[in-house]
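# Chains, contacts and geometry: an overview
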Protein chains: 2
Amino acid sequence: MSTQVGSGDPTRSRILFAAMDLFGRKGYQSTSIADILLAAGAHSGSLYHFFPTKQDLLLAVLEQYRDGIEPMLLAPAWKDVADPIERVFALLGAYRRALELTDCAYGCPIGSLALEIHEPDPPVRELLAVNFLGWVKHVRACLEADRGRLPRGVDTESLATFILTAMEGGVMQARTHRSLAAFDTSVGVLRDYVTRLETDARRERP
Amino acid sequence: MSTQVGSGDPTRSRILFAAMDLFGRKGYQSTSIADILLAAGAHSGSLYHFFPTKQDLLLAVLEQYRDGIEPMLLAPAWKDVADPIERVFALLGAYRRALELTDCAYGCPIGSLALEIHEPDPPVRELLAVNFLGWVKHVRACLEADRGRLPRGVDTESLATFILTAMEGGVMQARTHRSLAAFDTSVGVLRDYVTRLETDARRERP
């Protein structure tokens, strides 16, 4: 099953992107098939042809996020940023813009689905996990690209996982307070940590 | 309206604690009034007498978390821990135990509701925010209790907010991967940050 943007049947794409938008804005449980049909301008026959169940649609949405991380998230965030550590903060900046554009109603779609769906079926949980791991892999690559700026003992996989933690926890609080402040605070403290790591790395290699 | 544990009508308490448990395990939207009546062994007449709407029940649950933070969360976590910085990590340890006891199906109930409920009514959002701020206030008090261990420039309010971020992001990933590893990684990196802060504080005050 292809989930590339622009590929495949245009009706399938309209349904997929309508579901992606609605699951992100309203949540999975609160989105009805009728909502998706209305937003996609599609008939139920087409929807059930491409996605026999609502969960099939959710799986396709999660595959779309997985496959779309580079073209949809990283490429725009990193367009004008060459420094690999600054790329990490530019990625966090993309989430800040999403919060700003929605008056802080935005939630990371993967994070929201991960907490909304209790006891998800294994294929759903696996695709949520794959999305998190993909994000961490790209952030880790940034940290590895200029490894010497971090102290020797720092594990870049752990630090990248922690950066995902900082993003998700910051988005959650900004959304709850309907204010950018908690997100900016979390990113600011993360920046302080990275600065201290860089300082400690310079102390190691005088 | 009193929400003290053990106070008030016993039927009301049974309904409230059944809702608290179900909202935490299944989510708010997925929990039906019938589920709550069954778990509480109560009749719908009693439920509607105490809680005219499902949202009234949600508000009472959030008030219970707000009022219960000291007796239900902090007191057990801090029973044998005097050092204020270690109390922060003991609090995080309480979340680890909740993950462990549920094979990592646990989600922080406030964090889960904050992401599950899209466009919450203002009183719900306010009580979610009050719960986050209460948690941050207690963690900040730990940091302030031994302020000299942190560098002068560190803002304890921001650091406490970041510690909530680390907990929420760590729980989210542990739950998604159904593994303690991501939680342990986030707490481990946070510990590294705090250790570096303590080292930098000693450098400031030789």
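Here we take up the packing of aromatic side chains. Enumeration according to the criterion identifies 12 aromatic pairs over all chains in this entry. An aromatic cluster is built from F162(A), Y193(A), F162(B) and Y193(B), whose rings are joined through pairwise contacts. Geometry around Y28(B) places K54(B) over its ring, the cationic atom sitting 4.4 Å from the centre. Sitting above the plane of the F89(B) ring, R191(B) keeps its charged end 3.8 Å from the centroid.

Residue-level contacts link 50 residues of chain B with 50 residues of chain A. Across the interface of chain B and chain A, roughly 4300 Å² is buried in total on both sides, 62% from carbon and sulfur atoms. Viewed at the interface, chain A and chain B are joined by 2 salt bridges. A salt bridge links D200(A) to R196(B); its shortest N-O distance comes to 2.9 Å. Of all elements in the fold, only α1 (10–26), α6 (109–116), α7 (122–145), α8 (156–177) and α9 (181–204) of chain B reach the threshold of two or more residues within the side of chain B that touches chain A. Per-element tally for the side of chain B that touches chain A: the top contributor is α8(B), with 15 residues. Looking at the side of chain B that touches chain A, its residues break down into 21 nonpolar, 17 polar and 12 charged.

Attention now goes to the side chain of E198(A). Residues and elements named next belong to chain A. Mapped onto the secondary structure, E198 falls in helix α9 (residues 181–204). With a relative accessible area of 17%, E198 lands in the buried category. If near-sequence neighbours (up to four positions away) are discounted, E198 is found in contact with I85 and R149.

Moving on, we get to the state of the cysteines. Residue and element names in this part refer to chain B. Counted according to the given criterion, the structure contains 0 disulfides over all chains. C104 takes part in no disulfide bond, and the closest cysteine sulfur, belonging to C108, lies 15 Å away. Here C104 falls in the buried class, since its relative accessible area comes to 5%.

Further remarks concern the relation of the copies chain B and chain A. When chain B is fitted onto chain A, the two copies agree to an RMSD of 0.0 Å after a turn of 180° and an axial shift of 0.0 Å. Such a combination of turn and shift is consistent with a two-fold rotation axis.

Okay, the packing of helix α7 (residues 122–145) of chain A against helix α8 (residues 156–177) of chain A next. All names here are of chain A. Running from N to C, α7 and α8 cross one another at 120°; their axes reach a closest spacing of 8 Å. One way to sum up the angle between α7 and α8 is to call them oblique. Between α7 and α8 lies a crossing of right-handed hand. Residues F132, W135, V136, V139, R140, L143 and E144 of α7 form the contact with α8, whose own contacting residues are T156, E157, L159, A160, T161, I163, L164, M167 and E168. Considered class by class, the residues forming the contact of α7 with α8 number 10 nonpolar, 2 polar and 4 charged.

Take the nonpolar core next. Within the largest apolar cluster, 145 residues are counted, with the highest numbers of intra-cluster contacts made by W135(A) and W135(B). Other than its neighbours up to four places away in sequence, W135(B) contacts I69(B), L73(B), L91(B), L92(B), Y95(B), A160(B), I163(B), L164(B) and M167(B).

Bringing helix α5 (residues 84–101) of chain B into the picture now. Residue and element names in this part refer to chain B. The end-to-end C-alpha distance of α5, which contains 18 residues, comes to 26 Å, matching closely the 26 Å that a straight helix rising 1.5 Å per residue would cover. Within α5, the full set of buried residues consists of P84, I85, V88, F89, A90, L91, L92, G93, A94, Y95, A98 and L99. As for α5, its buried residues are in contact with α4 (54–78), α7, α8 and α9. Its side-chain oxygen at 2.9 Å from the backbone nitrogen of I85, D83 defines the N-terminal cap of α5. Following α5 by one or two positions, D103 adopts a phi angle in the positive range, close to 50°.

One non-glycine residue with positive phi stands out, namely D103(A), at about 50°. For D103(A), the position within the fold is in the loop between α5 (84–101) and α6 (109–116). Located in the positive-phi region is E119(B), a residue other than glycine, with phi close to 45°. Within the fold, E119(B) resides in the loop between α6 and α7. Classification of E119(B) by relative accessible area gives exposed; the value is 59%.

It is worth spelling out the packing of α9(A) against α9(B) at this point. The N-to-C vectors of α9(A) and α9(B) enclose an angle of 65°; their axes lie 10 Å apart at closest approach. For the pair α9(A) and α9(B), the crossing hand works out as left-handed. Contacts between α9(A) and α9(B) involve V189(A), D192(A), Y193(A), R196(A), L197(A), D200(A) and R203(A) from the former and V189(B), D192(B), Y193(B), R196(B), L197(B), D200(B) and R203(B) from the latter. The residue makeup of the contact of α9(A) with α9(B), split by class, is 6 nonpolar, no polar and 8 charged.

The rules behind the values
- Residues numbered from 1 in each chain as written.
- Chains lettered and ligands numbered in written order.
- Predicted model: local features only at pLDDT ≥ 70, side-chain atom pairs only at ≥ 80, totals over all residues.
- Heavy atoms only, no water.
- Phe/Tyr/Trp six-rings, centres within 6.5 Å; stacked < 30°, edge-to-face > 60°.
- Lys NZ or Arg CZ within 6 Å of the ring centre and 35° of its normal.
- Contact = heavy atoms within 4.5 Å.
- Buried area = accessible area lost by both parts, 1.4 Å probe.
- Salt bridge = Lys/Arg side-chain N within 4 Å of Asp/Glu carboxyl O.
- Helix = DSSP H or I, 4+ residues; strand = E, 2+ residues; numbered from the N terminus.
- Nonpolar A, V, L, I, M, F, W, Y, C, P; charged D, E, K, R; others polar.
- Buried < 20%, exposed > 50% of the residue type's maximum accessible area, 1.4 Å probe, protein only.
- Disulfide = S-S within 2.5 Å.
- Least-squares fit on C-alpha atoms with pLDDT ≥ 70 in both.
- Axes fitted to C-alpha atoms, helices over the stretch in contact; angles between N-to-C directions.
- Parallel < 35°, antiparallel > 145°, perpendicular 65-115°, else oblique.
- Left-handed = near helix turned anticlockwise from the far one by under 90°.
- Core = buried A, V, L, I, M, F, W, Y, C linked by side-chain atoms within 4.5 Å.
- Expected span 1.5 Å × (residues − 1).
- Polar contact = N/O pair within 3.5 Å; in protein donor to acceptor, adjacent residues only side chain to side chain.

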